[in-house]
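# A closer look at the structure
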Amino acid sequence: MNPEASQTPEPIDERLAEKPEENNAVEHPVNPSVESVVDTKTISSSEDYTTFEPLISNAEVVDSTVELTENSNGEFVAQLEAENVALGSEIGSGNYSLYAEAEQRVAELQSAEVALKSEIAKLQASYEKLQAQVSETQTSLGRLVQESLVQLEQRKQTLQISVEQLERRQERIRNEMRTTFAGTSQDLAIRVQGFKDYLTGSLQDLASAAEQLQLTPSVVEREKPSVKEAKPAEPQPGIPQFAQQQFQDTTKQIRRLIDQYRSKPDYYGPPWQLRRTFEPIHAERVSNWFFTQGGRGGLRTMGSRLQNILIASAAISILHKLYGDRVRTLVLANTPERLGEWRRGLQDCLGIGRPDFGPDRGVVLFEASDALAQKADRLTKANQLPLIIIDDSEEQISLSLLQFPLWLAFAPDPKIVRNYDDDF
């Protein structure tokens with residue numbers, strides 16, 4: 001027997017002893033995947049067959065060893081086939097469970113996809129709806145802003161037109177006041193003087209008629225005593241005098257007050273002080289009444305009861321400065337409405353209130369001249385100074401009112417036909 005042939009079976013036995021260990025390592029892998037197990041078995045099988053090819057070729061040299069090798073190879077191949085069948089069954093069962101889990105996961109993902117798609121569709125519908133509402137709101141807001149701007153522009157134009165109309169009216173009134181009052185002062189003075197002359201003549205006729213009346217029995221004339229040197233007649237105490245030379249201080253004070261009212265009006269002064277704008281035409285009327293007529297005379301109406309009240313208020317304010325609470329104002333008008341206008345006008349011009357009007361107060365209102373004359377007579381006896389003011393609505397003046405020291409009558413203008421109810 002060849003000694004080399006006797007040594008060949010030893011590596012074959014060692015290789016066969018190592019193969020079961022490799023098969024055991026392949027048989028029990030730790031969590032292998034399907035692909036790794038299949039690849040490992042394929043590689044092991046190929047390695048086994050490739051390993052046994054040189055062994056078989058070498059076994060042809062030694063006959064005794066060939067038979068042993070074939071027997072051992074057959075047993076090994078049978079063992080490998082059994083193991084492959086077991087592994088195939090395990091792989092099949094593992095693949096089935098993996099497929100089932102994958103199918104379940106796919107089903108879950110598909111259901112989640114369907115739910116997400118429906119939710120996305122709802123959100124898109126809501127977004128489109130909100131977008132439509134926002135666009136509609138913007139359109140409505142823009143239309144509302146445009147309409148508001150149009151209305152504000154119309155109101156602005158209306159206010160501008162009203163302001164322009166009022167400015168034109170103010171300018172027209174100023175022009176009328178300049179042309180009506182300031183330009184005809186001389187004519188007014190002439191007419192007032194004529195009215196004064198008429199009243200003076202009427203008083204003289206009344207005095208002469210009273211002298212002709214024989215109210216007392218005739219008496220025997222006595223011898224006339226020797227005439228002594230006549231002294232200048234002194235004015236009666238308590239009767240105001242404005243135009244005589246011995247009353248220069250009073251005249252200066254009156255002129256100073258008139259200038260103060262005209263140049264420096266005090267709209268927040270004390271009660272009984274004039275609080276309204278006093279223009280030159282008003283100052284001229286008041287000066288004429290004080291210094292030319294001596295506080296007893298008539299003035300032609302200014303064309304408005306408010307203007308007449310302003311002149312009368314200036315006279316009342318000056319007299320209150322001179323004589324204080326002794327001055328009592330008596331206003332005569334033929335209707336309660338006109339008396340109410342005088343009350344409101346005097347309150348506004350002099351800063352007085354309702355408590356200052358009454359039978360025993362600063363201002364008394366009368367509708368009848370007889371009652372006014374009786375009140376003035378009682379005030380005179382009580383050492384008071386009654387100031388009688390006669391409204392221009394009085395067509396006739398009672399002669400009983402002309403005996404008192406202070407009276408101011410507003411004569412209506414014969415050229416102007418007025419409706420007294422439209423003054424206020």
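Report on the accompanying structure. (Residues numbered from 1 in each chain as written. Predicted model: local features only at pLDDT ≥ 70, side-chain atom pairs only at ≥ 80, totals over all residues. Heavy atoms only, no water.)

### Comments concerning the overall build of the chain
Scanning the chain for helices and strands turns up ten helices and five strands. Per-residue burial over the chain gives 30% buried out of 424 residues. Across the chain, the fraction of contacts at a sequence separation of at least 24, relative to all contacts at a separation of at least 6, is 72%. When the accessible surface of the chain is summed, it comes to about 28500 Å², and 53% of that surface belongs to carbon and sulfur atoms. (Helix = DSSP H or I, 4+ residues; strand = E, 2+ residues; numbered from the N terminus. Buried < 20%, exposed > 50% of the residue type's maximum accessible area, 1.4 Å probe, protein only. Contact = heavy atoms within 4.5 Å. Areas by Shrake-Rupley, 256 points an atom, 1.4 Å probe, with all protein chains shown as cover.)

### Considering the packing of aromatic side chains
For any pair of aromatic rings, the description rests on two quantities: the centre-to-centre distance and the angle between the ring planes. Enumeration over the complete set of coordinates arrives at four aromatic pairs. Taking 6.5 Å as the distance between ring centres and 45° as the angle between the ring planes, the aromatic pair formed by phenylalanine 290 and phenylalanine 291 counts as tilted. Of note, arginine 255 hangs over the ring of phenylalanine 291, and the distance from its end group to the ring centre comes to 4.1 Å. (Phe/Tyr/Trp six-rings, centres within 6.5 Å; stacked < 30°, edge-to-face > 60°. Lys NZ or Arg CZ within 6 Å of the ring centre and 35° of its normal.)

### Let's talk about the nonpolar core
Judged by nonpolar contacts, the single largest core of 42 residues is most densely connected at Phe278, Trp289, Phe290 and Leu346. Within the residue set of this core, elements represented by two or more residues are helix H6 (248-263), helix H7 (280-292), helix H8 (305-323), strand S2 (327-332), helix H9 (336-350), strand S4 (385-390) and strand S5 (406-411). Of the residues forming this core, the biggest block, nine residues, is contributed by H8. Core analysis: the next-biggest nonpolar cluster, separate from the first, contains 16 residues, Leu199, Leu402, Phe404 and Trp407 among them. (Core = buried A, V, L, I, M, F, W, Y, C linked by side-chain atoms within 4.5 Å.)

### Here we look at the environment of glutamate 279
Within the secondary structure, glutamate 279 sits in the loop between H6 and H7. Considered as a pair, glutamate 279 and aspartate 259 are 20 residues apart in the sequence and their alpha carbons are 9.9 Å apart. Residues in contact with glutamate 279, not counting those within four places in the same chain, are Met177 and Arg262.

### Some remarks on helix H10 (residues 369-381)
For H10, which comprises 13 residues, the first-to-last C-alpha distance of 18 Å matches the rise-based estimate of 18 Å (1.5 Å per residue) to within 8%. Residues of H10 that are buried include every one of Leu372, Ala373, Lys375, Ala376 and Leu379, and no others. For H10, the angular spread of buried residues about the axis comes to 165°, placing them on one side. Opposite the buried face of H10, by more than 90 degrees, sit the exposed residues Asp370, Gln374, Arg378 and Lys381. (Expected span 1.5 Å × (residues − 1). Arc of directions from axis to C-beta.)

### Description of the sheet that holds S5
The strand order across the open sheet built from five strands is S1-S5-S4-S2-S3, with neighbouring strands paired in parallel fashion. Where the open sheet ends on each side, the last strands, each with one partner, are strand S1 (296-300) and strand S3 (363-366). Neighbouring strand axes in the sheet, compared pairwise and without regard to direction, differ in orientation by 15° on average. Direction of pairing for S1 relative to S5: parallel, over a ladder of five bridges. Bridge pairing in S5 places glycine 298 opposite alanine 409. H10 contacts S2, S3 and S4 of the sheet and is inclined by roughly 175° relative to S2. (Pairing = 2+ DSSP bridges. Axes fitted to C-alpha atoms, helices over the stretch in contact; angles between N-to-C directions.)

### Topic: the pattern of salt bridges
This structure, assessed with the given rule, holds eight salt bridges. Residues lysine 117 and glutamate 113 are paired through a salt bridge, measuring 3.2 Å at the closest nitrogen-oxygen approach. Of this pair, lysine 117 and glutamate 113 both sit in helix H4 (residues 63-180), four residues apart, which is roughly one turn of that helix. Arginine 276 serves as the salt-bridge partner of aspartate 348, at 2.6 Å between the closest nitrogen and oxygen. Taken together, the positions of aspartate 348 in helix H9 and arginine 276 in the loop between H6 and H7 put the pair 72 residues apart, joining distant regions of the chain. Residues participating in the shared-partner salt-bridge network are Arg305, Glu341 and Asp391. (Salt bridge = Lys/Arg side-chain N within 4 Å of Asp/Glu carboxyl O.)

### Details of a nonpolar patch on the surface
Taken together, the side chains of Leu141, Leu144, Val145, Leu149 and Leu152 present a nonpolar region at the surface, about 470 Å² in accessible area. The residue leucine 149 is located in helix H4 in this model. (Patch = residues over 30% accessible without salt bridge, like charges linked within 9 Å, V, L, I, M, F, W, Y side chains within 5 Å.)

### A short note on unusual backbone geometry
In this structure, tryptophan 272 is a non-glycine residue whose phi angle is positive, near 70°. Its location among the elements puts tryptophan 272 in the loop between H6 and H7. Judged by relative accessible area, which is 16%, tryptophan 272 ranks as buried.

### Structural notes on H8
Between its terminal C-alpha atoms H8 stretches 26 Å, which fits the 27 Å expected from 19 residues at 1.5 Å a residue. For H8, a buried count of 14 out of 19 residues is recorded, marking the element as mostly surrounded by other parts of the structure. Where H8 ends, the next residue or the one after it, glycine 324, has phi of about 70°, a positive value.

### Re the packing of H6 against H7
Relative orientation of the contacting elements H6 and H7 amounts to 165°, with a least axis distance of 10 Å. If you check the angle between H6 and H7, you find them roughly antiparallel. The two elements H6 and H7 cross, and the hand of that crossing is right-handed. Facing Thr251, Ile254, Arg255, Ile258 and Arg262 of H6, the residues of H7 in contact are Pro280, Ala283, Val286, Ser287, Phe290 and Phe291. By residue class, the composition of the contact of H6 with H7 is seven nonpolar, two polar and two charged. (Parallel < 35°, antiparallel > 145°, perpendicular 65-115°, else oblique. Left-handed = near helix turned anticlockwise from the far one by under 90°. Nonpolar A, V, L, I, M, F, W, Y, C, P; charged D, E, K, R; others polar.)

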